[in-house]
Amino acid sequence: MTAPVDPTTTSAWAELTKLHEGFTPDLKGAFASDPERAQRFTFDAADLHVDLSKNFLDDEILAALLKLADEVKIAERREAMYTGEHINVTEDRAVLHTALRLPSDAQLEVDGQDVVADVHQTLAKIHDFAEQVRGGSWTGITGRPISTVVNIGIGGSDLGPVMVYEALKPYVKAGLECRFVSNIDPTDMAEKTKDLDPETTLFIVASKTFTTLETLTNARLAREWLLGRLKDSGAVTDEASSTEAVKKHFVAVSTALDKVEAFGIDPNNAFGFWNWVGGRYSVDSAVGTVLAVALGKQAFTEFLSGFHAIDEHFRTAEAEQNVPLLMGLLNVWYVNFFQAASHAVLPYAQYLHRFPAYLQQLTMESNGKSVRWDGSAVTTDTGEIFWGEPGTNGQHAFYQLIHQGTRLIPADFIAVATPANPLKDGETDVHELFLSNFFAQTAALAFGKTADEVRAEGTAEAVVPARVFEGNRPTTSIMAPALTPGVVGQLIALYEHITFVEGVVWGIDSFDQWGVELGKQLALKIAPAVQGDEAAKAEQDSSTQSLIDYYLANRKR
């Protein structure tokens, strides 16, 4: 793999630096002087209608950003990803989440393996299992069909599945509920299982290596809960029936079949995925088994097709109309030239309430790096703090900071035209009232309100400054016809590729995550001290020792 291009040495970076130095944001003036601005900077990618016109963007800036993309060789690295080169250099792996959604007649061979055949073989196995559960032929130990599926995972094995499950609630099979356990805090497992019937509960344990501390701890807690409740009811009476109960009520998403079997799960009921699938890019792999159960084959296939539609757009669309490319470049523009440290994602669709949390892992675990893929130090700021909540809730919470704070916070607004639950308040269509806020917020952020406009409303002069809105707060508006499985897949793929574009500009490996390891390693070393081992405690720093002492003195058992 060739060394990354230092973006700061490119002619495009020099042009962008000069453009920034001479740039005074004036979105109101930009729209006034160019009646076609909205049309020129609005693009379609599959079902997504994306309006970039309220960004700090003009023809010169666009040309310089596209020149930057060319000079850092985004197109070449994109093709390397799609064709299976080992662009995850620190782990010497291909990066092929795009292969998870290729149609069955596609062709892709990587490292001597027919990737498409492997993917569709696993998909067929997942759908066969899912249909057994959905149809009632998969039963618990007492012969009753499954009504609750509990997914046990963490990170990408949790954030993706729970986000999509919440986003597509209207498509979930009636009478079937899915729950998600991720936190090692025992409260999570206790709350998710306390009202369940063990005879109709199925657990999916998602851990590629079947060694993830949190996931395996929770899996053991779930097994103990299941067997304890079944023994209490008389459904389990001996070791043989306990063994059978685990096989009936547990399946795995893992490739470590020996560890799966040692836990008590039938290896035939393990669904694997490959080392070229990173955790935060895995919701469309076997990690999505819980979704295949909840949604069924048709909806899950549409979900994958949505990803693929954006994959094809990103790979083939001209640069000037390539939505993930343009959005990724705009993020670089804000981070590196306007020192924007955070980025808000504001879905005006309640079903997407977990989408910002999902994007936190996708973007911040991918691009929170300080070395480039060749091991050299980065030459720019990297990454953004992604955050957000659904509108209109956020309007009554943190929008104040976005509107009138001192920090520039670019924001993406997401909405759909047709709601899943059309309701009326008297004669008022509530979705139209809801979307009026969506449209109004981006306009207010872009155009603001001047002191003269405030005075014209009869405001006392002393209060005028507090009611002025500076405007010129950049936003992107993303709309779709409805929140379908395909659209959810498109939204995820859109941000996957935005993240990729930023990573290439910064020259970093967006597909490793070594930064999550140190804390986990230290936790294992500290655990004996927490359990009362004085020698282990003596090895810790004074602050950690003091905190452990407080815990031990105050823990009630």
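Being a predicted model, the structure only gives us computed values, none of them experimental.

About the thresholds
Residues numbered from 1 in each chain as written. Predicted model: local features only at pLDDT ≥ 70, side-chain atom pairs only at ≥ 80, totals over all residues. Heavy atoms only, no water. Pairing = 2+ DSSP bridges. Helix = DSSP H or I, 4+ residues; strand = E, 2+ residues; numbered from the N terminus. Expected span 1.5 Å × (residues − 1). Buried < 20%, exposed > 50% of the residue type's maximum accessible area, 1.4 Å probe, protein only. Axes fitted to C-alpha atoms, helices over the stretch in contact; angles between N-to-C directions. Parallel < 35°, antiparallel > 145°, perpendicular 65-115°, else oblique. Left-handed = near helix turned anticlockwise from the far one by under 90°. Contact = heavy atoms within 4.5 Å. Nonpolar A, V, L, I, M, F, W, Y, C, P; charged D, E, K, R; others polar. Patch = residues over 30% accessible without salt bridge, like charges linked within 9 Å, V, L, I, M, F, W, Y side chains within 5 Å. Areas by Shrake-Rupley, 256 points an atom, 1.4 Å probe, with all protein chains shown as cover. Salt bridge = Lys/Arg side-chain N within 4 Å of Asp/Glu carboxyl O. Core = buried A, V, L, I, M, F, W, Y, C linked by side-chain atoms within 4.5 Å.

A. Just the pairing of strand 2 (residues 48-51), in detail. Sheet topology note: the strand 1 (residues 42-45)/strand 2 ladder contains 4 bridges and is antiparallel. From the neighbouring strand, Phe43 faces strand 2, where its bridge partner is Val50. Hairpin connection, strand 1 to strand 2: the antiparallel pair is bridged by 2 residues, and Ala46 has positive phi, about 55°. Summarising the sheet, strand 2 and strand 15 (residues 475-482) pair through 3 bridges and their orientation is antiparallel. When the bridges of strand 15 are listed, His49 appears paired with Met479.

B. Representation of helix 19 (residues 485-506) in the model. Taking 1.5 Å of rise per residue, 22 residues should cover 32 Å, and helix 19 covers 32 Å from first to last C-alpha, within 8% of that figure. Where burial is concerned, most of helix 19 is hidden: 22 out of the 22 residues are buried.

C. Structural view of the packing of helix 14 (residues 323-337) against helix 19. Where helix 14 contacts helix 19, the axes come no closer than 8 Å and their chain directions differ by 50°. As judged from the angle between their axes, helix 14 and helix 19 are oblique. In this structure, helix 14 crosses over helix 19, and the sense of that crossing is right-handed. Contacts between helix 14 and helix 19 pair Val323, Pro324, Leu325, Met327, Gly328, Leu329, Asn331, Val332, Val335 and Asn336 from the former with Leu494, Tyr495, His497, Ile498, Val501, Glu502, Val505 and Trp506 from the latter. Here the residues of the contact of helix 14 with helix 19 are counted per class, giving 13 nonpolar, 4 polar and 1 charged.

D. Spatial organisation of a nonpolar patch on the surface. A contiguous nonpolar surface patch, about 260 Å² in accessible area, is contributed by Ile184, Leu213 and Leu524. Relative to the elements of secondary structure, Leu524 occurs in helix 20 (residues 517-530).

E. Spotlight on the nonpolar core. If you look at the biggest cluster of nonpolar residues, it comprises 125 residues, and the most contacted ones within it are Trp276, Phe303, Trp333, Phe355, Ile492 and Tyr495. The element contributing the most residues to this core is helix 19, with 13 residues. The residues touching Phe355, leaving out its near neighbours within four places in the chain, are Met163, Val345, Ile414, Leu491, Ile492 and Tyr495. In this structure, Val205, Ala222, Leu230 and Val260 belong to the second largest nonpolar core, which totals 25 residues.

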